[in-house]
Each structure stands twice: as structure tokens, then as C-alpha cells.
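Reading the structure
Spelled out, the chains give:
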Amino acid sequence: MSAAPGRPKQACTVGASVSAALQRRQILLGAAGLAAPAIVRAQGASARVVVVGGGFGGATVARYLRTWAPQLEVVLVEPAETFVTCPFSNHYLAGLRSWNSIGHGYDGLRAAGVRVVHARAEDVDGARRTLRLDSGQLLRWDRLVLSPGVDVRWGALEGYDRAAAERAPHAWKAGAQTRLLRRQLQAMPDGGRFVMVIPDNPFRCPPGPYERASLVAHYLKHHKPRSKLLLLDAKNNFSKKELFLQGWKALYGDMLEWVSLAQDGQVVRVDARMLEVETAFGERHRADVLNVIPPQKAGLIAERAGAIDASGWAPVRGEDLASQRVAGVHVLGDAAQAGPIPKSGFAANNQGKVVAAAIAAELSGQDPPEAWFANTCYSLLAPGYGISVVGVYRAHEGRLIDLPHSVGVSPLDAPAVQRAAEARQGADWYAAISADIWDR
Ligand SMILES: Cc1cc2nc3c(=O)[nH]c(=O)nc-3n(C[C@H](O)[C@H](O)[C@H](O)COP(=O)(O)OP(=O)(O)OC[C@H]3O[C@@H](n4cnc5c(N)ncnc54)[C@H](O)[C@@H]3O)c2cc1C
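Residues numbered from 1 in each chain as written. Predicted model: local features only at pLDDT ≥ 70, side-chain atom pairs only at ≥ 80, totals over all residues. Heavy atoms only, no water.

1. A word on the nonpolar core
One finds Leu-65, Leu-109, Leu-131, Leu-144 and Val-331 to be the most contacted residues of the largest nonpolar core, which totals 79 residues. With nine residues, helix H11 (residues 345-362) is the largest single contributor of residues to this core. Those residues in contact with Leu-65 that sit more than four places away from it in its chain are Val-49, Pro-70, Leu-72, Val-74, Ala-356, Ile-359 and Ala-360. (Core = buried A, V, L, I, M, F, W, Y, C linked by side-chain atoms within 4.5 Å. Buried < 20%, exposed > 50% of the residue type's maximum accessible area, 1.4 Å probe, protein only. Helix = DSSP H or I, 4+ residues; strand = E, 2+ residues; numbered from the N terminus. Contact = heavy atoms within 4.5 Å.)

2. Considering the site of the ligand
Taken together, 34 residues form the shell around the ligand, and within it Gly-57, Glu-78, Ala-121, Arg-204 and Asp-334 come nearest. Within the backbone of Gly-345, a nitrogen or oxygen atom sits 2.9 Å from an oxygen atom of the ligand. Here the ligand loses 93% of its free accessible area of 990 Å² to cover by the protein chains. Secondary structure elements with two or more residues in the shell around the ligand: helix H3 (56-68), helix H4 (89-93) and H11. Lining the shell around the ligand are residues from two domains, each supplying at least three of them: domain 1 (16-149 + 299-435) and domain 2 (153-296). (Near = heavy atom within 4 Å. Polar contact = N/O pair within 3.5 Å; in protein donor to acceptor, adjacent residues only side chain to side chain. Areas by Shrake-Rupley, 256 points an atom, 1.4 Å probe, with all protein chains shown as cover. Domains from an automatic or database assignment.)

3. A few points about the packing of helix H8 (residues 208-223) against helix H9 (residues 241-252)
Packing of H8 against H9 leaves a shortest axis separation of 11 Å and a crossing angle of 0 degrees. Put simply, H8 runs roughly parallel to H9. Contact residues: H8 offers Tyr-210, Glu-211, Ala-213, Ser-214, Ala-217, His-218 and Lys-221, while H9 offers Phe-244, Trp-248, Leu-251 and Tyr-252. Residues of the contact of H8 with H9, tallied by class, amount to seven nonpolar, two polar and two charged. (Axes fitted to C-alpha atoms, helices over the stretch in contact; angles between N-to-C directions. Parallel < 35°, antiparallel > 145°, perpendicular 65-115°, else oblique. Nonpolar A, V, L, I, M, F, W, Y, C, P; charged D, E, K, R; others polar.)

4. Things to note about the sheet that holds strand E2 (residues 73-77)
Sheet strands pair by backbone hydrogen bonding; their relative direction is either parallel or antiparallel. If you trace the five strands from one edge of the open sheet to the other, you get E5-E2-E1-E9-E20, paired in parallel fashion. The sheet is open, and its two borders are formed by strand E5 (115-117) and strand E20 (329-331), each paired with just one other strand. Neighbour to neighbour, the strand axes of the sheet diverge by 20 degrees on average, direction disregarded. Note that strand E1 (residues 48-52) and strand E9 (residues 143-146) share four bridges and pair parallel. When the sheet's bridge partners are listed, Val-51 is paired in E9 with Val-145. Taken strand by strand, H3 contacts E1, E2 and E9, and its axis lies near 165 degrees from that of E2. Here H11 sits on the sheet and contacts E1, E9 and E20; the angle it forms with E9, its principal contact strand, is near 175 degrees. (Pairing = 2+ DSSP bridges.)

So, to be careful, I would describe these as geometric facts and stop short of saying anything about function.
Structure (C-alpha cells):
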């Protein structure tokens, strides 16, 4: 089965055509008098898929497994009763969105037949195929899916530990940290300095820091116009760089300064008590608000499952995101080492459909559908000023590769009407993906 390779810019055609193919298969099986494919029937209701993480990747897998293989029991393990998205949390920081508008509950998934368990997964026993929860409950699984997102590499940046994050928030997992950074921004004096520390690749959401910088600058321009924003970056290049630099110049002038690695932008030490950072060449910068985006790794449960390697991320097979290290386990989203695919919510949702289709097919004794992946990341530089980057990817001999000529970005020097259209498309994307995963 092939999934719409001729229409590379529409990620969701992947899921849609897989769905149609599986449904066609089910109709044919039904017509032949086979109510359920062999393996699922043999295991009956006991074939159970446990999914850890109710964010972009995990909640997608859970929903689409119920859609494409309703015979399976699907258990979703997620501690939070409301999932707050990182996408659009930068808008919240700048006062452009309410907190509630970026939170999503799990009633829709329950209504779709997913058993949602609000608990934290503590440990995985790959040999016995069990998952232990912090409640003490032991869940047996036939397939385990891990989509735990990222964890901070505490200590990788000298001086940046959990206590430091309470003074100098990362706000790189949406929640209390995001609200803390918003309060600090609101309390910052006019004429103050907002300093952002940006890590080297790979990390969650490559354009995310630069969208945040844009929207913080927008907030400062309107509320504290004498303030400055300093970006200290451990890289020389970043996603949509030329577009951001052009937009910043036009929108914010010299209010915002980006310092690259070559210009001594790499921060090597954080003093959260003094709100001060030190760069590789020993320069010190004081901040009124200090936002440290630290180095990251796969969520801890992926490590406890034995699914990560020395890189801190989980190596996976491109065709179905099966772990290369633990049998019966799939890892997706930010936690996976997915080659050139960026760590984004869009990509995690897309990957979730690939994983659901692969598991549904495998547990039905069918070949998995051919996997295609896509990503689009929208960024807002100011209200009505949006830009984007698009890429299409596929599996090749176990690896993930990008399709030649498939990666594209918004044009430089585009007219305002195009920037406004992309701003609207970004908001529409957020509404559509929220409905696709949680809100229906
Ligand atoms: C500021 C910012 C802006 C962003 N903007 C965009 C954007 O505009 N577009 C875009 O596509 N992406 C964006 N992203 C990236 C996006 O948030 C991530 O790529 C996406 O959330 C990854 O999905 P995931 O399923 O891997 O992880 P998540 O969505 O983070 O989900 C992980 C879930 O796993 C749960 N979990 C973790 N450990 C356990 C455990 N042991 N037991 C049970 N549950 C557990 C967590 O509670 C969490 O709910 C942004 C990120 C940031 C930081």
C-alpha cells in the first residue's frame, strides 16, 4: 500500500489514505465472512496496546488505533488530565492567547474507546511485556508505544538544575514553567533586558526559540518599549534563519539582538541567583528575565525501557518507528531519533498515524502500509505575520530520509498579504490538529 506520494505537502493524506486502505481491507474481509483478521481474532479482546504519553504523538496513536483496529484494547497512560500544548504557548507568553485555549482534555479519546489512565509510567519490563505505573499497577502489553516527549539534561549546562529553573525558567514543556515566564515578563521593568539561551541541535521544535523571541519582542514593543532582547545561541544557523532575521529587522529594529556561536553566543554557565550567564569566551551578561532553553534528551521512560542509545534519543526503524533496541516497542515524536524529521507536534501527529497503521496491520497479520512522513512548522513573528517551513520524508532501508527538493520555506520579501495568510494558516493548523487528536 502506498500513501499518496504524489501529494507531498499534505501530511495528513498519509493518515487518510492508510485509513482508507485499512477500511477497504476490513470491508473485503467482512464480505468474505471473516469478521476479524486472524491474529486479532486469535487473541480476541486480549490484544492490548499500551501507549505512554497523551501528547501529540501518543494521543494520535491511541485515537487512530481505535479507529483502524477497534478489536484492540488501547490504554493511554498520561499523568495530566489536561494537556497543555507547547505550540501556541509562545502566543500565550505574549498575551495573544488565553491559557485555556491551549489546554485539551481526554474526554474525546475516552468517547473513541481509549482507556485513559491518569498515572505516570515508571518502568518497562521488555521481557515480561509489562509496564509499571506510579500507582503500583502493572499493565501487560502486546505492543508498547512510547511518546514521552523530552526531558531536560539537567547539569549539561553548568549551574542549570531544577532549582535554577525556578529562577530562570526554560518553559520548554508547557505548564507551570510557561506561566512563570509569563509572570516574569509582565513584572519586568520597562528598559529591562530579556536574555534567552538557545541550545545546539537536536532539540524540541527547531524554530520555537525564534518564534518565542519574536513574540516576546512584540510584547515588549507594545508594553515596555525601552527594553532589549538578547538571544545567545550555541549555533550559527537555525530554522528559517533568513526569514526571521528579515522579519526582526522590519518589526523590531535594534530591540532584538541575535548572537551566533561564532560571535560568542554559546553559554557555558548559568548563575540563576544573579540572573547572569557566561559565554565560552568568558563574557558575562546580566538579565532582568532569563529564559534558558537547555540541552534535552528523550523522556525518561524511554531510557528506563532501554530504548535510547548514547545520544540520549531512541533509535527507530524508519518503516514503522519500531525501537531498534527493544522488541515490541515503538518510539515516536520528540523522543525518537527520526533522522532529518524535526521534533515537532506536526511530525509527532504524522508519525502517530504511521505507528497506528503499522501496529493495526501487524496485529492483523498484514503487511504494514508504506510509510511517508511530512512536517510543516508555522511561526508567528507578530500578529498577522506568519512564515513556515515544509518537508517530506520517507523510510529507506530502515532509515528516514528527506525527499529531494521537498524541503521548502516561505519566500523572503513576500508581500504583507502572504505573511497574513500564513499567520491565518498557522492558527487553522492548530485548530485542525487539536481536533484531530483531542477535541472531538
Ligand atoms: C515553545 C514551543 C513551541 C512549539 N511550537 C510548535 C509548533 O508551532 N508546531 C509544532 O508542530 N510543534 C511545535 N512545538 C514542538 C511540539 O511541542 C513537540 O514536538 C511535540 O509536543 C512532540 O510530541 P510528543 O508526543 O513527542 O511529546 P509531547 O507532546 O510533549 O507529549 C509527551 C507526553 O508524555 C507524557 N509523559 C512523559 N513521561 C511520561 C511517563 N513516564 N508516563 C506517562 N506519561 C508521560 C507527558 O506528560 C506528555 O503529556 C513547540 C515546542 C515548544 C517548546
